[in-house]
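Fold and contact review
Spelled out from the first residue to the last, the chains are:
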Amino acid sequence: MCAAHKTSAGILGASGLALAVMVLAGCAPDPAPQAAPAAPAAPSPSVADSATTVTWMNGFCGVVREFIDGNNKMTAGGGDSVEAIKQSTSDQLGYYKTLLSKTVDGLTALPAGPVPAGETAKKDFLGKYSAARDKAANAKADLDASAKSDTAAQGRAVEGLIAAQKEAHSALDPVKAVLDSPELTKAAATAERCRP
């Protein structure tokens, strides 16, 4: 900073005095401090959260889609004798129990939902698929332990399979399960495995 010089003439007004003094002295005001260079912008939290949410929805929808695909591949029961029909029903129950176990494992392996509605939907679906798996497992165990000629056991096994299917089929629409969450609904629109 330079020293101020006084002028002998009093012709400058009070407001311009300081500026005139600096100009006459050949000084310029100190430069304004320079702002530090901006740090590179980090991805905005909404972008990161959006990618995480889409990934989570893709996983959630994917587990359910794999169940639906497997369910559609289940063969119909049948046979020429009571024994053949019982074996066919036991095979169906075994297939269904395995499929449901895989679905439960898939849901369990999903990370926690990125928003509370996701975690609620995951727990709801997990409860329904677990209950369906247990019904199929119990029906198969009961049928396999019955006598070959026990037609009542065959009837109970079919009822058990129907009950397991009813329970599992109440959890077939993962997108509908998260409609209360704008974040998850938006993510489902772009998640590849959520598309019909």
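Quick summary incoming for the structure in this document. Predicted, not measured: the structure shown is a model, and the values here were computed from it.

What follows concerns the nonpolar core. In this structure, M57, F60, Y96, L100 and Y129 are the most contacted members of the largest nonpolar core, which totals 35 residues. Contributions of two or more residues to this core are made by helix 2 (45–72), helix 3 (82–109), helix 4 (116–145), helix 5 (151–168) and helix 6 (182–190). If we ignore the near neighbours within four places in the chain, the residues touching Y129 are V64, F67, L100, T103, V104, L107, A168, A171 and L172.

Here we come to the packing of helix 4 against helix 5. Between helix 4 and helix 5, the least distance of the axes is 8 Å, while the angle of their chain directions is 170°. Between helix 4 and helix 5, the crossing angle belongs to the class labelled roughly antiparallel. Within the contact between the two elements, helix 4 uses K128, Y129, A131, A132, K135, A136, A139, D142 and L143 and helix 5 uses A153, Q154, R156, A157, G160, A163, A164, E167 and A168. Looking at the contact of helix 4 with helix 5 residue by residue, the class counts come to eleven nonpolar, two polar and five charged.

What follows concerns the packing of helix 3 against helix 4. Relative orientation of the contacting elements helix 3 and helix 4 amounts to 155°, with a least axis distance of 8 Å. What the angle tells us is that helix 3 and helix 4 run roughly antiparallel. The hand of the helix 3/helix 4 crossing is left-handed. Within the contact of helix 3 with helix 4, the residues separate by chemical class into 13 nonpolar, seven polar and six charged.

What counts and what doesn't
Residues numbered from 1 in each chain as written. Predicted model: local features only at pLDDT ≥ 70, side-chain atom pairs only at ≥ 80, totals over all residues. Heavy atoms only, no water. Core = buried A, V, L, I, M, F, W, Y, C linked by side-chain atoms within 4.5 Å. Buried < 20%, exposed > 50% of the residue type's maximum accessible area, 1.4 Å probe, protein only. Helix = DSSP H or I, 4+ residues; strand = E, 2+ residues; numbered from the N terminus. Contact = heavy atoms within 4.5 Å. Axes fitted to C-alpha atoms, helices over the stretch in contact; angles between N-to-C directions. Parallel < 35°, antiparallel > 145°, perpendicular 65-115°, else oblique. Nonpolar A, V, L, I, M, F, W, Y, C, P; charged D, E, K, R; others polar. Left-handed = near helix turned anticlockwise from the far one by under 90°.

Nothing here speaks to function; it is geometry throughout.
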